[in-house]
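Observations on chain architecture
Given next are the chains, with one letter for each unit.
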Amino acid sequence: MSSLCPAAPAPRPQVRRRLSPNAAFLLQASMTLGFLAGSSAPTPFYAIYQNQWGFSATMLTLAFGIYAIAVLSALLVGGRLSDHVGRRPILLGAAVAQAASMAVFATAHGLPDLLLARVVQGLSAGAAIAAAGAGLLDIDKGRGAIANSVAPMMGTAVGGLVAGLMIQYLPAPMHLVYTLLGIVFVLQGVAVFFMEETAPARPGALASLKPRLAVPLAVRRPLLLAAPALVAVWAMAGFYASLGPMLIRSFTGTTSILLGGLALFVLAGSGALAVFLTRDASPRALMRLGSLALVAGMGVVMTAIVLHSVLLFLLGSAVAGIGFGTGFQGALRSVVALIAPQERAGVLSVLFIISYLAMGLPAMLAGYDVAHQGDIARTAMEFGAGVTALALAAFIGSVWTRTARSSAAA
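Residues numbered from 1 in each chain as written. Predicted model: local features only at pLDDT ≥ 70, side-chain atom pairs only at ≥ 80, totals over all residues. Heavy atoms only, no water.

Things to note about the packing of helix 10 (residues 217-252) against helix 12 (residues 283-307)
Where helix 10 contacts helix 12, the axes come no closer than 12 Å and their chain directions differ by 20°. In terms of axis orientation, helix 10 runs roughly parallel to helix 12. Where helix 10 crosses over helix 12, the two elements pack in a sense that is left-handed. Across the interface between the two elements, Leu-225, Ala-226, Ala-229, Ala-232, Val-233, Met-236, Tyr-240, Leu-247 and Phe-251 from helix 10 touch Met-287, Leu-294, Met-298, Val-301 and Ile-305 from helix 12. (Axes fitted to C-alpha atoms, helices over the stretch in contact; angles between N-to-C directions. Helix = DSSP H or I, 4+ residues; strand = E, 2+ residues; numbered from the N terminus. Parallel < 35°, antiparallel > 145°, perpendicular 65-115°, else oblique. Left-handed = near helix turned anticlockwise from the far one by under 90°. Contact = heavy atoms within 4.5 Å.)

Following this line, the structure appears as C-alpha cells:
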C-alpha cells in the first residue's frame, strides 16, 4: 500500500536582502566621507608625531604628500576598473584595506609606520573614491553630483576636528580615533555586501588597469576650463591639512592641538555648507562665485598672518572655504553633466587625479621651503599668492567662456 503522507515542502530559495537605492546612495556617500575623514584624522597628530619621532617639516609634508601620491597611483591604475567589474567589489576591498590602515596607524612606532599607513590608506581611498563617486551618479545623477562635492569636504572637516577633540578631552586618543574609524570601515564593508550592483560587469577589466588619462572629446574643454579652480581649491586644502596647525602655532604661540584642527574644519565645513546652499546655481555661476570668494578669503588670511590674528585667520578661512565649496562644485558639475554612464569612473578619476596632485605636490614643496628657510609665515604668504592667481585665472576663464558663447550666438 502506497504511503499517503504528504510530500515535504520544497526548501525556499535563500534570498539575500538588498539595500534600497536610497540606502545604497547614503552608504556610498558615507564611504567617501569616512575615507576622507580618515585621511584628515592624522592632521592634529602631526605635531605630536614630530615631537616624539623628531622629523623635519619636510618629512611631515612627505607623510601628507605620500598619501596623495598613493591616491593618484590607485586612480591611474584602478580608477576605471569599477566600470568593468562593478562598484561593489572595489568598495568592499577598499573598506577592508582602510580598516587595515587604521590598525597600522594605531600601532605606529615611528615615521616608517606612519608612511606605510598613509600608503595603504591612499591606495584604498583612490580606488574607492572613483567607484563610490560613479555609484552615486548611477543612482541619481543630480544628487550624485552634489554628494560628490559635499562628502569629501565634510569628511575632511570632520576627521581633523574629531581627532583634535579626542586629543584634547579623551584618553589614549592616538589609539581611540583609529580604532573607531576602523570599526566604521568594517561596518561599511559589511553593508556593501548587501548593496545592489549598479554597474554590471563588462569586458576590458585588465585593459582598464593600463594607466590612461584620455577623456571623451565632449569633456575635454570643460575639464580644461575647470582645472585652475580644481588646482586652487585643493592646493589650499592641502596646505591647511599639512602645515595649517604649524602656521597657527607660529603666530599665536599656542600649543593647542584643537586649534590646528579647527582651522581645517572651518575651511572644509564652510565649503560643504556652501555646496548645499548653492546646489541650484549653474556650474558657471558657481565657478565665478568660488573664484571671487577664494581671492577674498586668501586676502583676509594673508592679512591675518601679518597681524597675527587668530580670529581674522578663521574668518578668512571661512570665506576661502566658500570658494573651496562652490569652486569645486562648479568645476565638478560642469564636467559630470557630459559623462556617459560607462565612462563615469574613468572621468571622475581624471578629476580626482588633478585634485590630488594639487593637494599633495604644492604642500610637499611648501614643507621643503619651510624646512630650509625656516619661515612658515613667508611660505604661507607665497602659497596664498599662488592660490589667488589661480582663482583669478579660473574667474577670467569662466567670464571669457560666457563672452565667447554670447558672441557666437550673436
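Thoughts on unusual backbone geometry
Residues other than glycine seldom take positive phi values, yet Ala-172 does so here, at roughly 45°. By the secondary structure assignment, Ala-172 is in the loop between helix 7 (141-169) and helix 8 (173-193). Judged by its relative accessible area of 47%, Ala-172 is partly exposed. Of note in the backbone geometry, His-308 takes a positive phi value of approximately 55° without being a glycine. Following the sequence through the fold, His-308 ends up in the loop between helix 12 and helix 13 (310-336). (Buried < 20%, exposed > 50% of the residue type's maximum accessible area, 1.4 Å probe, protein only.)

Observations concerning the confidence of the model for the protein chain
Looking at the protein chain as a whole, its pLDDT mean stands at 82, while 90% of the residues score no less than 70. Below a pLDDT of 50 lies the segment residues 403-410, which in the model reaches 2 contacts outside its immediate sequence neighbourhood of four places, other chains included. (pLDDT = per-residue confidence, 0-100.)

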